[in-house]
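Breakdown of the fold
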Amino acid sequence: MHDVDLLSRLQDGELSHEEINPFYFEEPIAPLVAARKRRTRTPLGDVVARIRDVQTKCECLVIEGAGGLMTPLGENFSAGDLMAILDCHVVVAARNKLGVINHTLLTARCLACYGMKRIKVALLGCGGSDLSVRTNASMLAELLCPLRVVSLPFLGARADTVGALKKEYGKIKKTLALVSDFATFFPLFNTSSTSLSER
């Protein structure tokens, strides 16, 4: 629930915790597995309705997926199915380390199978220094062209606090703007911009 508290503070409590994180399972497992353990269901219609409701309260809605593209979120639907229904812009968050090229290419091809066309890749710095870290961005940009690949800097191991994010905001502002087609997507620290995290 740390992420929910952080997002709530960044938005000055604009959204309730329930709106920020409408479906929550404590266990770090696929949402479908967690729901079955609790003998509950998460219908696709309910998920879409919650998202559409929050969408009416903000200029730009950021939805964080749980797991990867093929992760089962509920009975008979995955994160990819949800993205296709929402017909949204997709930002593939990929950690800049060995193996990211294969993982990102597979994800991009799978997104194309879902009919997604508005795709960008955010290559996340994670503090590594092996050779792949220095070459992944250029190789992905070449192989995924014309998709945009944007590198985001590593902000440190304790970057998940309001103070740290505000302090580092200047460093990443231009890069984050490249990820979005919307001028008001960022800054995160302006109450006109709202985020939704789904776990």
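Data block above holds the structure.
**Notes on the packing of helix 6 (residues 100-113) against helix 7 (residues 131-144)**
Between two packed helices, both the angle of their axes relative to each other and the distance between the axes serve to describe the pair. Remark: helix 6 packs on helix 7, axes separated minimally by 10 Å, with the N-to-C direction vectors making an angle of 30°. Classified by the angle between their axes, helix 6 and helix 7 sit roughly parallel to one another. Judged by the sense of rotation from one axis to the other, the crossing of helix 6 with helix 7 is right-handed. In this structure, helix 6 uses Val100, Ile101, Thr104, Leu105 and Ala108 to contact helix 7, whose residues at the interface are Asn136, Met139, Leu140, Leu143 and Leu144.

**Here's the deal with the side chain of glutamate 19**
Relative to the helices and strands, glutamate 19 resides in helix 2 (residues 17-20). Within polar-contact distance, the side chain of glutamate 19 engages the backbone nitrogen of serine 16 at 2.8 Å.

**Notes on the pattern of salt bridges**
A full pass over the atoms with the stated rule returns 4 salt bridges. Note that glutamate 18 and arginine 50 form a salt bridge whose closest N and O atoms lie 2.9 Å from each other. Of this pair, glutamate 18 sits in helix 2 while arginine 50 sits in helix 4 (residues 44-55), and the two are 32 residues apart along the sequence. A residue is classified by how much of its surface remains accessible, and glutamate 18, at 43% relative accessible area, is partly exposed.

**Some remarks on the environment of leucine 105**
Turning to its location among the elements, leucine 105 is positioned in helix 6. The partly exposed category is assigned to leucine 105, whose relative accessible area is 25%. Each C-alpha atom of the pair leucine 105 and leucine 144 lies 7.4 Å from the other, and the pair is 39 residues apart in sequence. Beyond its immediate sequence surroundings of up to four residues, leucine 105 is in contact with Leu143 and Leu144.

**Remarks on helix 4**
For helix 4, spanning 12 residues, the distance from its first C-alpha to its last is 16 Å, which sits close to the expected 16 Å at 1.5 Å a residue. Along helix 4, the positions that sit buried rather than exposed are Val47, Val48, Ile51 and Val54. Down the axis of helix 4, the smallest arc covering the buried residues is 130°, so these residues share one side.

The rules behind these values
- Residues numbered from 1 in each chain as written.
- Predicted model: local features only at pLDDT ≥ 70, side-chain atom pairs only at ≥ 80, totals over all residues.
- Heavy atoms only, no water.
- Axes fitted to C-alpha atoms, helices over the stretch in contact; angles between N-to-C directions.
- Helix = DSSP H or I, 4+ residues; strand = E, 2+ residues; numbered from the N terminus.
- Parallel < 35°, antiparallel > 145°, perpendicular 65-115°, else oblique.
- Left-handed = near helix turned anticlockwise from the far one by under 90°.
- Contact = heavy atoms within 4.5 Å.
- Polar contact = N/O pair within 3.5 Å; in protein donor to acceptor, adjacent residues only side chain to side chain.
- Salt bridge = Lys/Arg side-chain N within 4 Å of Asp/Glu carboxyl O.
- Buried < 20%, exposed > 50% of the residue type's maximum accessible area, 1.4 Å probe, protein only.
- Expected span 1.5 Å × (residues − 1).
- Arc of directions from axis to C-beta.

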